[in-house]
Amino acid sequence: MLVEESNDLATIIDTDGTMTYVSPAVTRVLGYDSEELVGNSGYEYVHPDDREKNAEAVEAVLETPDEPQTVEVRFKHADGSWCWIEATMRNRLEDDVIDGILLNSREITERKEQERELRELAGEYEALLNNTEDAIFFVDVDASDGDVTFEFDRISPAYERQTGLTTEEVRGETPRDVFGEQAGAELEANYHRCAKAREPISYQEELEIDEEAHIWQTNLAPVLTDGDVKRITEAHGWTVSVTDGPEGGARFELVMSQ
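It should be emphasised that the depicted structure is a prediction, and the values quoted were computed from it without experimental measurement.

J.: Help me out: how do you make sense of empty space enclosed by the protein in this one?
T.: Tallied over the entire structure, the rule returns 2 cavities of 30 Å³ or more. Here the largest cavity is characterised by a volume of approximately 230 Å³. Lining the largest cavity are 21 residues, and of these T11, M19, G42, F75 and L103 sit closest to its centre. Counting residues per element, the ones that place at least two in the lining of the largest cavity are β1 (9-13), β2 (19-22), α2 (25-30), α4 (51-63), β3 (69-76), β4 (82-92) and β5 (100-107). Counted by class, the lining of the largest cavity contains 16 nonpolar, 5 polar and no charged residues.

Structure (structure tokens):
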């Protein structure tokens, strides 16, 4: 009864992939009646590009019966479209009732689409980071222990060229570690001010790098989660040095997310 009423799809296949049982959830998930699939090979419904990894998962669960295997494949929907499913396989050949490989599956098409969009966004973001002439840096923000702390995580190639600093040098370091006690404290004060205000702030700052003074026009803008900054974990930003005059312009965005 639990299987019949479950939102997840339960399937039993034999060692060659033939489906011997398919739960009624298949109608909601994939549009088939259970009877349509029973007796057919599951591989026939799996996308050709995913059949090899599907077969490898079946082989693995046969070779190591005590270890479940999870695989993500595209399965043909009754309407002819491809639907992503995540299936966890368990070897139940020794079970007199099941006598096969039990698969618990759920539809993950939306999640896979989100992952694809995130990969595309990450690629675009990486291209922007590596090619922009703006200096960009990222600061991890941690408020887990009640005190908000800031640590640099990454800086852009433009920032490295303009300052001589590198990501390897600053990663995991606080503003005080990188810029000294006084300048670092001023940086942290502005970060705290931005987080407390929960709105963008703009200011000029002077930082000494390799015994040279750099003047920056800086804009900080927090990103709120669910309308509130409950736990700040990461900060992103970019700046342009205006040492040679205000016409250099500047943009710095401090992104804080839960």
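That was the structure; now back to the text.
J.: Honestly, α4 in this entry has me stumped. Any pointers?
T.: Because each turn of an α-helix spans 3.6 residues, side chains separated by three or four positions end up pointing in the same direction. Under the 1.5 Å per step criterion, the end-to-end length of α4 is 18 Å for 13 residues, consistent within 8% with the ideal 18 Å. Considered for burial, the residues of α4 that qualify are N54, A57, V58 and V61. The buried side chains of α4 occupy one side of the element, clustering within an arc of 95 degrees when seen end-on. Residues of α4 that are exposed and point over 90 degrees away from its buried face: E52 and E63. Those residues of α4 that are buried lie in contact with β1, β3, β4 and β5.

J.: Explanation requested: the pattern of salt bridges in the structure shown.
T.: Pairing between side chains of opposite charge can happen when the charged atoms of each approach one another. Counting across every chain of the model gives 14 salt bridges. The partner of E72 in a salt bridge is K112, with the nearest N and O atoms 2.9 Å apart. On the criterion of sequence distance, the pair formed by E72 in strand β3 and K112 in helix α5 (residues 109-131) is long-range, its members being 40 residues apart. Take E72: its relative accessible area is 22%, and that puts it in the partly exposed class. In this structure, the salt-bridge partner of E181 is R176, at a minimum N-O distance of 2.4 Å.

J.: For this particular structure, what's the right way to read the sheet that holds β2?
T.: Picture the strands of a sheet paired through backbone hydrogen bonds; they go either parallel or antiparallel. Taken together, 5 strands build an open sheet; the order of strands is β2-β1-β5-β4-β3 and the sheet is antiparallel. Of all the strands in the sheet, just β2 and β3 have a single pairing partner and so form its edges. Adjacent strand axes in the sheet meet at a mean angle of 30 degrees, parallel and antiparallel pairs treated alike. Pairing of β4 with β5, which is carried by 8 bridges, proceeds in the antiparallel orientation. Residue pairing for β5: I85 is matched across the bridge by E107. Strand contacts of α4: β1, β3, β4 and β5, with the helix running at about 145 degrees to β3, the strand carrying the most contacts. With respect to the sheet, α5 is in contact with β3, β4 and β5, its orientation differing from that of β4 by roughly 115 degrees.

J.: Explain the pairing of β2 to me, please; I cannot follow it from the model alone.
T.: The side chains of a regular strand alternate, residue by residue, between the two faces of the sheet. Alignment of β1 against β2, held across 3 bridges, turns out to be antiparallel. Paired with T11 across the bridge in β2 is V22. Counted between consecutive antiparallel strands, the loop separating β1 from β2 contains 5 residues, among which G17 sits at a positive phi close to 95 degrees.

J.: Teacher, can you tell me more about the packing of aromatic side chains here?
T.: Two aromatic rings are characterised by how far apart their centres lie and by the angle between their planes. This structure, assessed with the given rule, holds 4 aromatic pairs. Taking the centre distance of 5.7 Å and the plane angle of 85 degrees together, the rings of Y32 and Y45 count as edge-to-face. Residue Y32 is found in the loop between α2 and α3 (34-37), and its partner Y45 is found in the loop between α3 and α4; the two are separated by 13 residues along the sequence. For Y32, a relative accessible area of 7% translates into the label buried.

J.: Looking at this model, I keep getting lost on the nonpolar core. Mind explaining?
T.: Soluble globular proteins tend to pack their nonpolar side chains together in the buried interior. Ranked by internal contacts, the top residues of the largest apolar core, which has 23 residues, are V26, L30, Y32, L37, F75, M89 and I101. Breaking this core down by element, the ones donating at least two residues are β1, β2, α2, α4, β3, β4 and β5. The dominant element in this core, judged by the number of residues it contributes, is β4, at 4 residues. If we ignore the near neighbours within four places in the chain, the residues touching L30 are L9, F75, H77, A78, C83 and I85. Counting 19 residues, the second-largest nonpolar core is a separate cluster that includes F150, I155, L165 and F179.

Thresholds applied
- Residues numbered from 1 in each chain as written.
- Predicted model: local features only at pLDDT ≥ 70, side-chain atom pairs only at ≥ 80, totals over all residues.
- Heavy atoms only, no water.
- 1 Å grid on protein atoms, 1.4 Å probe; cavity = no way out; pocket = protein on both sides within 12 Å on 5 of 7 lines; lining within 4 Å.
- Points joined across faces, edges and corners; volume = space filled by probe spheres on them.
- Helix = DSSP H or I, 4+ residues; strand = E, 2+ residues; numbered from the N terminus.
- Nonpolar A, V, L, I, M, F, W, Y, C, P; charged D, E, K, R; others polar.
- Expected span 1.5 Å × (residues − 1).
- Buried < 20%, exposed > 50% of the residue type's maximum accessible area, 1.4 Å probe, protein only.
- Arc of directions from axis to C-beta.
- Contact = heavy atoms within 4.5 Å.
- Salt bridge = Lys/Arg side-chain N within 4 Å of Asp/Glu carboxyl O.
- Pairing = 2+ DSSP bridges.
- Axes fitted to C-alpha atoms, helices over the stretch in contact; angles between N-to-C directions.
- Phe/Tyr/Trp six-rings, centres within 6.5 Å; stacked < 30°, edge-to-face > 60°.
- Core = buried A, V, L, I, M, F, W, Y, C linked by side-chain atoms within 4.5 Å.

By themselves, these figures tell us nothing about what the structure is for.
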